[in-house]
Amino acid sequence: MIAITGANGNLGKATIEFLLKKVKPENIIAVMRNPVAMPEGIQVRLADYEDLNALNAAFKGVERLLQISATSMGEAGIRQETNVVRAAIQQDVKHIVYTGSIRPSAVANFYATHQALATERAILSSGITYTFLRNSLYMEIMPLFIGNALEAGHWEYPAGNGKVSFVSRMDIAEALANVLTEAGHENKQYEISGSKAYTFADTAKLLNITYADVPNVYLEKGMAAEHLPGELITCMVSMVDGIKANEFAYVEKDLEYLLRRKPQSFEQYLKTL
Ligand SMILES: NC(=O)c1ccc[n+]([C@@H]2O[C@H](COP(=O)([O-])OP(=O)(O)OC[C@H]3O[C@@H](n4cnc5c(N)ncnc54)[C@H](OP(=O)(O)O)[C@@H]3O)[C@@H](O)[C@H]2O)c1
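No experiment lies behind these values; they were computed from the predicted model shown.

Caption draft 1: Fine view of the overall build of the chain. Assigned secondary structure in the chain consists of 12 helices and 11 strands. Over its C-alpha atoms the chain spans a radius of gyration of 19 Å, differing by no more than 12% from the 19 Å that the globule rule assigns to 273 residues. Dimensions of the chain along its principal axes, counting C-alpha atoms only, are 55 × 40 × 35 Å. When the accessible area of the chain is evaluated, it comes to approximately 12300 Å², of which 51% is carbon and sulfur surface. Distance between charge centres in the chain, computed from 26 positive and 30 negative side chains, equals 5 Å.

Caption draft 2: Spotlight on the site of the ligand. Taken together, 20 residues lie around the ligand, and Asn8, Leu11, Arg33, Ser69 and Tyr138 are the ones closest in. Asn8 is positioned with one of its side-chain polar atoms (N or O) 2.7 Å from an oxygen atom of the ligand. One of the backbone N or O atoms of Tyr138 is found 2.8 Å from an oxygen atom in the ligand. Within the complex, the protein chains bury 79% of what would otherwise be the 890 Å² of accessible surface of the ligand. Across the shell around the ligand, the residue classes tally to 8 nonpolar, 9 polar and 3 charged.

Caption draft 3: Region of the structure containing the pattern of salt bridges. The tally for this structure, following the rule as stated, stands at 11 salt bridges. Residue Lys94 pairs with Asp92 through a salt bridge whose shortest N-O separation is 2.8 Å. Residue Lys94 is classed as partly exposed on the basis of its relative accessible area, which comes to 45%. Within this structure, Glu120, Arg134 and Glu191 form a network of salt bridges that share partners.

The rules behind each value
Residues numbered from 1 in each chain as written. Predicted model: local features only at pLDDT ≥ 70, side-chain atom pairs only at ≥ 80, totals over all residues. Heavy atoms only, no water. Helix = DSSP H or I, 4+ residues; strand = E, 2+ residues; numbered from the N terminus. Rg over C-alpha atoms; globule rule 2.2 N^0.38 Å. Areas by Shrake-Rupley, 256 points an atom, 1.4 Å probe, with all protein chains shown as cover. Lys, Arg positive; Asp, Glu negative; His and termini not counted. Charge placed at Lys NZ, Arg CZ, Asp CG, Glu CD. Near = heavy atom within 4 Å. Polar contact = N/O pair within 3.5 Å; in protein donor to acceptor, adjacent residues only side chain to side chain. Nonpolar A, V, L, I, M, F, W, Y, C, P; charged D, E, K, R; others polar. Salt bridge = Lys/Arg side-chain N within 4 Å of Asp/Glu carboxyl O. Buried < 20%, exposed > 50% of the residue type's maximum accessible area, 1.4 Å probe, protein only.

Next comes the structure, spelled out in structure tokens:
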């Protein structure tokens, strides 16, 4: 049995679509905190990452677990992701595939990376067979960065000259389905990036708009004006500091290896915006 956490999220749903091309739905368990309809035959088991007992019940009989990183950050994120690992140990799960952040580091500016590192360490010390897919930023979050810049013809964002190797979330999902159903990925870690890294100025050029770097406070004020939660604002500010420090600039061939084809190009993706 293969179980997937965050199964109703974007990455979880897409991974299930690819998995269904390879395994019967009866062999898939979708773990989520609120019930959401899944394709026929897939077992839905309910568990919040905060609830160790529910996670234990959800992982009964599971051999392979896809642990998708939590959306909570800081202490809560670490606690929730550690709970998933604890339940996997208690249920004798044989293999954990974990999706975290590219080149995780305890001193990275982007602070979601710290919990990815903590979770990888918890998995490593569990002794369970693992595969880590360490993701760069998804292409699909570009609209979040761009806002109304396409209509305005001008884009202001505090990204400095940092480069990002944007990667397609659909490609990651396909790679995850491959890793979950093939041998040979045991105790491996893969750095998952697009084939090229771009500055925001490069991206603006491709979109035929102008770009100006601005101080972080523009982002903070803009998000606060939209009444977005403080935790999200702090996360985004740490993300742009990470971008400026080239924490998402790594370009690796691991995704191409897992897909056995070239990953989706960022330039093609931009044409769809
Ligand atoms: N690399 C990137 O650019 C990037 C961008 C965004 C996110 N991420 C990370 O990648 C992960 C997957 O991305 P995604 O696009 O699939 O995110 P998503 O669509 O937001 O999905 C997140 C999933 O996590 C579930 N979840 C959140 N808190 C939970 C809890 N306490 N207990 C159980 N389930 C919980 C959500 O359930 P509900 O539907 O019930 O909330 C949802 O199923 C995210 O969780 C985040 O860690 C990466």
